[in-house]
Amino acid sequence: MESLKKLLPLLLIGFLPLQLMAKPAAQADTSKVHIIGNDHMRFSVTNIMAKPGELIKVSLTTKSDFPPAAMSHNFVLLTLNADAQKVAQNCAGFPDNDYITPEMQKYIIAHTDLAGGGETVSVTFKAPKKPGDYEYICTFPGHFSAGMKGMLTVSSQ
């Protein structure tokens, strides 16, 4: 028993460096991407690289002087080979649902809410397990056709 009392402080000191090196669970292995959407209907980041299954947090900030009803943005990540034009056209009629239609949910991996000028919205998701190029778009009416899109490339390399 006496030797256990002497050994216990050494064991605790031995575990202390491991405790200090451990990352909090919420921050462990999460890639963070910050995108700015502007009045020119463009994303500031048009290419994102990820490993299959990687946890990604995308934050989108809209920089605009227009009122939100005239200029807002969202980030909508589509499934592999989804028809982005079809998704954008179908979502355009759903302003009360942040321009996301329930009929198109099967083509959407992740999306943010709409962000008006000065607002930031975020979404955290796991990158698809299947390698490939996954398009992301803004579904606010007219923005995708104006070029507001990007690509998430999933690769194990």
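Preceding this paragraph is the structure being described.
Quantities reported herein were computed from a predicted structural model and do not represent experimental measurements.

Teacher, can you tell me more about the overall build of the chain here?
Of regular secondary structure, the chain possesses 2 helices and 8 strands. For the chain, the α and β elements follow one another from N to C terminus as α-β-β-β-β-α-β-β-β-β. In the chain, the share of contacts with a sequence separation of at least 24, taken over all contacts with a separation of at least 6, comes to 72%. Carbon together with sulfur atoms contributes 57% to the accessible area of the chain, which is approximately 9,400 Å² in total.

Help me out: how do you make sense of the sheet that holds strand S7 (residues 132-137) in this one?
Strand pairs in the sheet, formed through backbone hydrogen bonds, run parallel or antiparallel to each other. Strands sit in the order S2-S8-S7-S4-S5 across an open sheet of 5 strands; the sheet is mixed. Of all the strands in the sheet, the pair left with one neighbour each is strand S2 (47-50) and strand S5 (108-111). Going across the sheet, the axis of each strand differs from the next one's by a mean of 25°, ignoring polarity. Looking at chain direction, strand S4 (residues 76-78) and S7 are connected through 2 bridges and run antiparallel.

Please explain the environment of Ala115 as it appears in this structure.
With respect to the helices and strands, the residue Ala115 is situated in the loop between S5 and strand S6 (120-126). Owing to a relative accessible area of 0%, Ala115 belongs among the buried residues under this scheme. For the pair Ala115 and Phe75, spaced 40 residues apart in the sequence, the C-alpha separation amounts to 9.5 Å.

Calculation criteria
- Residues numbered from 1 in each chain as written.
- Predicted model: local features only at pLDDT ≥ 70, side-chain atom pairs only at ≥ 80, totals over all residues.
- Heavy atoms only, no water.
- Helix = DSSP H or I, 4+ residues; strand = E, 2+ residues; numbered from the N terminus.
- Contact = heavy atoms within 4.5 Å.
- Areas by Shrake-Rupley, 256 points an atom, 1.4 Å probe, with all protein chains shown as cover.
- Pairing = 2+ DSSP bridges.
- Axes fitted to C-alpha atoms, helices over the stretch in contact; angles between N-to-C directions.
- Buried < 20%, exposed > 50% of the residue type's maximum accessible area, 1.4 Å probe, protein only.

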